[in-house]
Amino acid sequence: MEEDKFFLGVDVGSVSTNMVLLRPDNTLKEALYLRTQGRPMQTIQEGIKLLRSRIPNSSEIIGVGATGSARQLAATLLGADVVKNEITAHAVAASRVNPKVQTILEIGGQDSKIIILRDGVVSDFAMNTVCAAGTGSFLDQQAARLGIPIEEFGPLALQSKTPVQIAGRCSVFAESDMIHKQQLGHSLPDILAGLCQAMVRNYLNNVGKNKDIQGPIFFQGGVAANPGIRKAFEEELGQSIVVPEHYGVMGALGAAFLAQERLAKRPESLTGFRGLKLSETQFQAKSFECSGCANRCEIVEIIQEGISLARWGDRCGKWSLAVGTSNDNSLAGQQRGQRGA
Amino acid sequence: MKIGFPRALFYFDFFPFWAGFFHHLNIEVVTSPPTNRQIMDLGLKNASDETCLPLKLLSGHIQALKAVDWVFLPRMVSVEAETYTCPKFLGIPESLLSSVPTGIPVLSVTLNWRKGQRLVLKDLQTMGETLGKSKIEIKQAFYEGQKWQEKFQKTRGAEWNFAPTNLEWPPEPERLKIALVGHSYLIQESYANLNLLKKLREKARVELVQHVDQIEIETNLLELRKKLFWSHSKQIYGAGNKFLADPEIDGIIYLTCFGCGTDSIVQELLSRKARQRHKPYMVITLDEHSGEAGLITRLEAFLDMIERRRVHEGYVSTHGERLDCNSNTL
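Source: prediction; values computed, not measured. (Residues numbered from 1 in each chain as written. Chains lettered and ligands numbered in written order. Predicted model: local features only at pLDDT ≥ 70, side-chain atom pairs only at ≥ 80, totals over all residues. Heavy atoms only, no water.)

## Some words on the overall build of chain A
Step number 1: For chain A, the helix and strand inventory stands at 10 helices and 13 strands.
Step number 2: Here the C-alpha atoms of chain A give a radius of gyration of 22 Å, agreeing with the 20 Å that 2.2 N^0.38 yields for 341 residues.
Step number 3: With respect to the three principal axes, the spread of C-alpha positions in chain A is 70 × 55 × 40 Å.
Step number 4: For chain A, the proportion of its 341 residues judged to be buried stands at 53%.
Step number 5: The long-range share in chain A, meaning contacts at least 24 apart out of those at least 6 apart in sequence, stands at 61%.
Step number 6: Accessible surface for chain A amounts to roughly 15100 Å². Of this, 49% is attributable to carbon and sulfur atoms. (Helix = DSSP H or I, 4+ residues; strand = E, 2+ residues; numbered from the N terminus. Rg over C-alpha atoms; globule rule 2.2 N^0.38 Å. Buried < 20%, exposed > 50% of the residue type's maximum accessible area, 1.4 Å probe, protein only. Contact = heavy atoms within 4.5 Å. Areas by Shrake-Rupley, 256 points an atom, 1.4 Å probe, with all protein chains shown as cover.)

Laid out in structure tokens, this is it:
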């Protein structure tokens, strides 16, 4: 049955883990937005469990795409067919939703990016550099400090008539400036609106520097849920901003589209997906410091019921090469691996 | 007698000269090991927090020098006529004296080619007195050092294996060709740059600043209204400008580090030209990161962008011209 076939797209970011099930006719069956909370493996398993409960038993996953900063981990757990960076995934999703889109503003939990597209192809992009000011976690933190739920941040900011000026260069400065403004007696909505403006200014100065921002403009990522930021963008850019329907899961959607693209290119290929029963098995992550040389690399090992699935973190590759065998005997694993190759 | 030579900063450009120089004087030169986590940690702890990553690494390498009679820290003011090195080079050795292990004396000399060879030689001879070497010996050692340096520059470093992972990949025409520009002490510093060069070579053919002929570099500097007076920046801009015009180069990656003053100018000059020429261009800023995720994401996205663009541009449009030909984006 065609209706029971899905592409799975997974985007494991620092703050949220998103999953989508895409039908072969490009419509969305399910979208999940979960908080990663520093436990990506459990969150992925939890997500799979949730998805499984929402689809018929006869369902089949015919392709899996993984993206996000933990894409390697996600790909290992799921057996993904495509592993792509977030930039490509976001761009693919946006241009499928609207092939005419020319600019994507994406603000996530720990990073923010701008992607410039022309004729549906990425022509330029930028990500925030060493500083995480002006990302979702900063807003989260400030909302928590002010004692308001993050969901109310944007609507409150929209009530402001005279936003206050807040130093936006650095989140530490922004915070102290904000406290000073509070002490002077400015209202909460004015301060929140000022914060939105400062964040947008910071974003456009750092990430959007020298970029030719042309419409249609998409605003996606978790922060797009905040109408205060959206309004600040519209004022600053003097153009309307479109927040796509599935703004929060665009990365996952892009990953699903990429899995679909791969299958279209090679229709005979089978998915490496490890099955929906994944949520029932035990995954374990172990980390240790390698003492082989002075680099002291921190190695992470993913183990499924005693079998080592993957290792990474080493600079020389001696641990990553010895994968796919029982974890208690790495030397034997290495030899077996060589014979296999 | 053993002289300790830290494997950082000027090591990547001028080690051959000093190796030849001391070799002729029968002085053993000991280098610190390639950067590892311990060296980096030592440097980050000890060096001034306001300086740049390469100087912090130098501090770590100085501390890693063991069982030597001297720590050699030349003040390389200028390495060719009419130029200076980066101002932070000029503060060596004083800015790093606190990193020198107690009990080991510092051997230094001011090298200033702006004053001409005669005075460079004189300064070296003054240092020679400390080492108990005659003026004649120093003069011969100087010529020997120059010979080694010339050979190094002629072979473009091919005979000097700086990084343990100096792999050469066979050229394949289908593979993308990427130019990686930036200071030698960042590009060749495989620990601090998270093995960028090797990672890039796995995915594309790579051109470096040192692959460009000196004559070509000079030609590519002519259009500047004012001369660049930092020698490294001259090389980077000249080579970068050549790569920008080269149709075989699919994209340019500029590797810089947080707080680099000279790069802040050269990087901007190159990025403006890249935009005019619609050449894919990306800046990667290094600092004390040890997590690779950010670097890999940027690298993959950049290569993906070029590849997808290449496929896209392969179409012959019925419209006759690209709709965005007047846009100033890349």
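## Considering helix H7 (residues 188-206) of chain A
Step number 1: With 19 residues, H7(A) ought to run about 27 Å at 1.5 Å a step, and its terminal C-alpha atoms sit 27 Å apart, in line with that.
Step number 2: Of all the 19 residues making up H7(A), 14 are buried; the element is thus mostly covered by neighbouring parts of the structure. (Expected span 1.5 Å × (residues − 1).)

## A look at the interface of chain A and chain B
Step number 1: On the chain B side, the residues contacting the 29 residues of chain A number 34 residues.
Step number 2: A combined buried area of about 2700 Å² lies between chain A and chain B, and 49% of that area is made up of carbon and sulfur atoms.
Step number 3: Seen at the junction of chain A and chain B, the total is five salt bridges.
Step number 4: Between A:Glu261 and B:Arg308 there is a salt bridge whose closest N-O contact spans 2.9 Å. (Buried area = accessible area lost by both parts, 1.4 Å probe. Salt bridge = Lys/Arg side-chain N within 4 Å of Asp/Glu carboxyl O.)

## Let's talk about the nonpolar core
Step number 1: The biggest cluster of nonpolar side chains holds 104 residues, and the ones touching the most others in it are B:Trp18, B:Phe22, B:Leu124 and B:Leu180.
Step number 2: Sort the elements by how many residues they give to this core and helix H1 (residues 11-24) of chain B lands first, with nine residues.
Step number 3: Dropping the residues within four chain positions of it, B:Leu180 is found in contact with B:Ile187, B:Leu196, B:Leu197, B:Leu200, B:Val206, B:Glu207, B:Leu208, B:Val209, B:Ile253 and B:Leu255.
Step number 4: One finds A:Leu139, A:Leu192, A:Val200 and A:Ile241 within the second-largest nonpolar core, a separate group that totals 38 residues. (Core = buried A, V, L, I, M, F, W, Y, C linked by side-chain atoms within 4.5 Å.)

## Re the domain arrangement of chain A
How big an interface is tends to be expressed through the accessible area that disappears when the partners come together.
All names here are of chain A.
Step number 1: In terms of domains, chain A is made up of domain 1 (2-91 + 251-279), domain 2 (99-243) and domain 3 (282-340).
Step number 2: On the side of domain 2, 14 residues touch domain 1, which itself brings eight residues to the contact.
Step number 3: For the pair domain 1 and domain 2, the summed buried surface comes to about 860 Å²; carbon and sulfur atoms form 68% of the total.
Step number 4: For domain 1, the biggest contributors to the area lost against domain 2 are Ile87, His90 and Ala91; these three give 61% of the whole.
Step number 5: Counting across the domain 1 and domain 2 interface gives one salt bridge. (Domains from an automatic or database assignment.)

## Regarding the side chain of B:Ser184
Residue and element names in this part refer to chain B.
Step number 1: Within the fold, Ser184 resides in helix H7 (residues 184-187).
Step number 2: Using a relative accessible area of 12% as the deciding quantity, one classes Ser184 as buried.
Step number 3: Within the structure, Ser184 has its side chain in polar contact with the side chain of Asp13 (distance 2.8 Å).
Step number 4: If sequence neighbours within four positions are ignored, Ser184 has contacts with Phe12, Asp13, Glu189 and His232. (Polar contact = N/O pair within 3.5 Å; in protein donor to acceptor, adjacent residues only side chain to side chain.)

## Notes on the pairing of strand E9 (residues 217-220) of chain A
Residues and elements named next belong to chain A.
Step number 1: Of the two faces of E9, the one lined by Ile217 and Phe219 and the one lined by Phe218 and Gln220 are each fully buried.
Step number 2: Strand direction decides the pairing type here: strand E6 (residues 103-107) and E9, joined by four bridges, are parallel. From the neighbouring strand, Thr103 faces E9, where its bridge partner is Ile217.
Step number 3: In the sheet, E9 pairs with strand E10 (residues 241-242) via two bridges, with the strands oriented parallel. Pairing of Ile217 across the sheet is with Ile241, part of E10.
Step number 4: Handedness of the E9-helix H8 (residues 227-237)-E10 crossover: right-handed. (Pairing = 2+ DSSP bridges. Right-handed = clockwise from strand over helix to strand, strands pointing away.)

## Concerning the sheet that holds strand E7 (residues 112-118) of chain A
Hydrogen bonds along the backbone pair up the strands of a sheet, which may run parallel or antiparallel.
Residues and elements named next belong to chain A.
Step number 1: The five strands are arranged E8-E7-E6-E9-E10 in an open sheet whose pairing can be described as mixed. The open sheet is flanked by strand E8 (121-127) and E10, the only strands paired with a single partner.
Step number 2: The pairing of E6 with E7 spans five bridges and is classified as antiparallel. Looking at the pairing, Ile107 lines up with Ser112 of E7.
Step number 3: In the packing of helix H3 (residues 86-97) onto the sheet, the strands contacted are E6, E7, E8 and E9, and the crossing angle to E7 comes to about 50 degrees.
Step number 4: Sheet strands in contact with H7 are E6 and E7, and its direction is about 125 degrees off that of E6. (Axes fitted to C-alpha atoms, helices over the stretch in contact; angles between N-to-C directions.)

## Re the sheet that holds strand E7 (residues 177-182) of chain B
Residue and element names in this part refer to chain B.
Step number 1: Taking strand neighbours across the sheet as the criterion, the four strands line up as E8-E7-E9-E10 in an open arrangement whose pairing is parallel. Two strands bound the open sheet, and with one partner strand each, they are strand E8 (205-208) and strand E10 (281-286). For this sheet the average axis-to-axis angle between neighbouring strands, irrespective of direction, equals 25 degrees.
Step number 2: The pairing of E7 with strand E9 (residues 251-257) spans five bridges and is classified as parallel. What sits directly across from Val181, in E9, is Tyr254.
Step number 3: Sitting on the sheet, helix H8 (residues 196-203) is in contact with E7, E8 and E9, with an inclination near 135 degrees to E8.

## Quick notes on unusual backbone geometry
Leaving glycine aside, a negative phi is the common case for residues, and trans is the common case for peptide bonds.
Step number 1: With an omega of -5 degrees, the peptide bond running from A:Gly215 to A:Pro216 counts as cis.
Step number 2: Checked against the element boundaries, A:Pro216 lands in the loop between H7 and E9.
Step number 3: Here the bond from B:Ile92 into B:Pro93 is cis, since omega is 10 degrees, no more than 30 degrees from zero.
Step number 4: Within the secondary structure, B:Pro93 sits in the loop between helix H4 (87-90) and strand E5 (106-107).
Step number 5: Its identity is not glycine, yet B:Asn26 carries a phi of approximately 60 degrees, on the positive side.
Step number 6: For B:Asn26, a relative accessible area of 72% translates into the label exposed.
Step number 7: The residue B:Asn195 is not glycine, and still its phi comes out positive at about 60 degrees.
Step number 8: Residue placement: B:Asn195 occurs in the loop between H7 and H8.
Step number 9: Under the relative-accessibility criterion, B:Asn195 is labelled buried at 14%.

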